[in-house]
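Each chain, written out:
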Amino acid sequence: MTEMLQKFDVTVIGAGAAGLMCAAQAAARGRRVLVLDHANKAGKKILMSGGGRCNFTNYYVAPDKYLSHNPHFCKSALNRYTQWDFIGLVDSHGIGYHEKKDGQLFCDNKASDILNMLLAECEQQGVEIRLDTAVSGIRSLDGDLYRYLFDAVNTRAGEQYQVQCESLVIATGGPSIPTLGATGFGYDIARQFGLKVYAPRAGLVPFTLTDHNKTLSAALSGTSLPVEVECNQQFFADDLLFTHRGLSGPAVLQISSYWKDGDSVTFDLLPGKDLAAELRQQQHSRPKVRLKNWLAELTTQKFAEHWLDGKFREETILADLSGADMDALANGLHQWRVKPAGTEGYRTAEVALGGVDTDEVSSKTMECKTQPGLFFIGEVLDVTGHLGGFNFQWAWSSAVAAAEYV
Ligand code: FDA
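Since we're looking at a predicted model, the values are computed, not measured.

Chemist: Sorry if this is basic, but what is going on with helix 1 (residues 17-28) here?
Modeler: Owing to its 3.6 residues per turn, the α-helix brings residues three or four apart onto one side. Across its twelve residues, helix 1 extends 17 Å between first and last C-alpha, which sits within 8% of the 16 Å expected from 1.5 Å per residue. Taken across its twelve residues, helix 1 has ten buried, putting it largely inside the fold. Listing the buried residues of helix 1 in full gives Ala17, Ala18, Gly19, Leu20, Met21, Cys22, Ala23, Ala24, Ala26 and Ala27. In the stretch just after helix 1, glycine 30 is the one whose phi turns positive, near 95 degrees.

Chemist: I would appreciate a short explanation of the domain arrangement of the protein in the present structure.
Modeler: Where interface size is given, it is often the accessible area lost as the parts come together that is meant. Each assigned domain of the protein is listed here: domain 1 (5-202 + 349-403) and domain 2 (206-343). Taking only C-alpha atoms into account, the centre of domain 1 sits 40 Å from that of domain 2. Across the domain 1/domain 2 interface, buried area totals approximately 810 Å², and carbon plus sulfur atoms make up 47% of it. Counting the surface domain 1 buries against domain 2, the share from its top three residues, Arg201, His386 and Leu387, is 51%. Where domain 1 packs against domain 2, one counts one salt bridge. Notably, a salt bridge pairs aspartate 238 with lysine 101, separated by 2.6 Å at the nearest N-O pair. The tally of links from domain 1 across to domain 2 stands at five residue pairs in polar contact (both at pLDDT 80 or more).

Chemist: Hey, could you run me through the sheet that holds strand 3 (residues 55-58) in this one?
Modeler: The strands making up a sheet associate through backbone hydrogen bonding, with each pair oriented either parallel or antiparallel. Spatially, the three strands line up as an open sheet ordered 3-6-5, and their pairing is antiparallel. With partners counted over all chains shown, the strands left at the sheet margins are strand 3 and strand 5 (97-99), one partner each. The average undirected angle you get between the axes of adjacent strands in this sheet is 30 degrees. Of the strand pairs in this sheet, strand 5 and strand 6 (residues 104-107) are connected by three bridges, and their pairing is antiparallel. Bridge pairing in strand 6 links glutamate 99 to leucine 105. Taken strand by strand, helix 4 (residues 83-92) contacts strand 3, strand 5 and strand 6, and its axis lies near 135 degrees from that of strand 3.

Thresholds applied
Residues numbered from 1 in each chain as written. Predicted model: local features only at pLDDT ≥ 70, side-chain atom pairs only at ≥ 80, totals over all residues. Heavy atoms only, no water. Helix = DSSP H or I, 4+ residues; strand = E, 2+ residues; numbered from the N terminus. Expected span 1.5 Å × (residues − 1). Buried < 20%, exposed > 50% of the residue type's maximum accessible area, 1.4 Å probe, protein only. Domains from an automatic or database assignment. Buried area = accessible area lost by both parts, 1.4 Å probe. Salt bridge = Lys/Arg side-chain N within 4 Å of Asp/Glu carboxyl O. Polar contact = N/O pair within 3.5 Å; in protein donor to acceptor, adjacent residues only side chain to side chain. Pairing = 2+ DSSP bridges. Axes fitted to C-alpha atoms, helices over the stretch in contact; angles between N-to-C directions. Contact = heavy atoms within 4.5 Å.

Below is the structure:
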């Protein structure tokens, strides 16, 4: 029989990356901690992350890898619990990892290594984790040390009870990938307590196309090219992947976080080259080479075929090209301008941009300035990292910042 009212020092809502980290660290300080999650499994996004290998941090964590209406907010937490601290924790659990590229650290084995590490830390520190638990009716009690009271129900067993706690930590993440249990719950709680929330939108997400570029993309589906991409004065150099519905790959995911409806995105499909000069030089040294074969040497056969289709005849050789042809060709490849119709949305987005306004929260403790004892950590806050392990590092750093004060 469940007691109707249960008291804890700290309750964390959300057994994801930030919630589990915060719970373990707070319990290590001697706090009695309860974690609640409505999902039937903890850390589902961790398990899905990094293609199943969890890109858990990055050697090159820095504030400029984060988007927020207040770009300074993330600095303090990132400085106090760094990537090196998290790597130390991973090492202490004997988890193998490797750098894939650009400082991105992935598990050698599986993402479950990271989740199991967090669960082991929680267990060791005596954290109580309850899954399949829906939370509602959160209210604050004036003048009581245990300031927060809410209803909890175990959705499997149907058991209902109330929880009262001194510190309440909201670690419910953002709304991306609803099938993994993601909700906008944290935003609702913030609004309930009068806090400002920046409208969330999908980030690190593929683009959809509707114009003639969609036909090209679909024809090239599966083709990947190293590119440079620009939108709103932001630049990324990484791979572009053509898909049936539009554009994806790390370069696109990165730039999608800076893109807004109606913006154009410009790709340099052959970065680091001067195609206009190269074409002229090749026309001189290899005049009989087919244009299609020349472009295939620089890209792929499939790309060359579809890119040139409708622009040049199949049998065009380099000698056939006028100066204007060469300039147009070089321009088109160095500055391919695309106007995405939209993004794939929360269905596939890795993160949600926007969230609880960081001005409402102390950058040192993650506690609400106007609502003592209420903390927000992880993705629910208006702090969003680039692709490459930065989002998990934010989850770890913000969680530890709060854990010291809950
Ligand atoms: P997180 O989403 O981890 O946890 C929130 C928890 O709250 C969930 O367990 C959820 O069930 C629970 N919850 C939600 N609503 C609730 C409610 N109403 N009541 C109770 N519980 C509720 N990042 C990175 O750095 N490297 C990577 O490799 C990847 N890869 C990646 C792949 C995919 C497919 C996705 C979708 C995302 C990534 N990310 C990533 C991003 C990363 O997963 C994300 O930034 C962190 O998980 C955020 O951690 P949080 O703890 O804030 O939320």
